[in-house]
Amino acid sequence: MGRKRNERIYVMVTEKEKADIIQKMKNTGMNNLGEFIRLSVSEKPVINVDINIIARLLYELNKIGVNLNQIAKTANITQGFYPTDIEEIKNCIRAINSMIDKLNIWIKKYLKGV
């Protein structure tokens, strides 16, 4: 059986265009230029995922979870909540909602038109 891909396309680009294409490929985490180009022109989206944003969101959500666990532990020990505990819980919930909103904005930005 012959090669599945037996047609070639030659495209001339400037040095800067080539560097830009390679950088975009690297930004997606891919390392195969041919596969990146095929995906870029296909129906499938090529998404530039900024892992730093996701890592930061996960870090912040983990910190919020730790805070909530500390509040729950205090409530179990003292058998009650203090007004400051309730306010801290509200702040944690607001922070979680803020992180979710940021994630939704990011998803819409990178997945628009998909």
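Residues numbered from 1 in each chain as written. Predicted model: local features only at pLDDT ≥ 70, side-chain atom pairs only at ≥ 80, totals over all residues. Heavy atoms only, no water.

1. Focus on the overall build of the protein chain
Along its length, the protein chain carries four helices and zero strands. Counting from the amino terminus, the protein chain carries its helices and strands in the arrangement α-α-α-α. When each of the 114 residues of the protein chain is scored for burial, the buried share is 11%. Pairs at least 24 apart in sequence give 43% of the contacts found in the protein chain among residues at least 6 apart. (Helix = DSSP H or I, 4+ residues; strand = E, 2+ residues; numbered from the N terminus. Buried < 20%, exposed > 50% of the residue type's maximum accessible area, 1.4 Å probe, protein only. Contact = heavy atoms within 4.5 Å.)

2. Regarding the confidence of the model for the protein chain
Of all residues in the protein chain, 86% have pLDDT values of 70 or greater, and the mean over the chain is 79. Predicted confidence in the protein chain is weakest over helix H4 (residues 83–111), with a mean pLDDT of 78, and strongest over helix H1 (residues 15–27), with 91. (pLDDT = per-residue confidence, 0-100.)

3. Side note on a nonpolar patch on the surface
On the surface, Ile 9, Val 11, Val 13, Ile 21, Leu 33 and Ile 37 cluster together into a nonpolar patch covering about 530 Å² of accessible area. Mapping Ile 21 onto the fold places it in helix H1. Given the relative accessible area of 31%, Ile 21 is considered partly exposed. (Patch = residues over 30% accessible without salt bridge, like charges linked within 9 Å, V, L, I, M, F, W, Y side chains within 5 Å. Areas by Shrake-Rupley, 256 points an atom, 1.4 Å probe, with all protein chains shown as cover. Salt bridge = Lys/Arg side-chain N within 4 Å of Asp/Glu carboxyl O.)

4. Comments concerning helix H3 (residues 51–78)
Taking 1.5 Å as the rise per residue, H3 with 28 residues should run 40 Å; its terminal C-alpha atoms sit 41 Å apart, in good agreement. One or two steps after H3, the chain reaches Gln 79, where phi turns positive at roughly 60°. (Expected span 1.5 Å × (residues − 1).)

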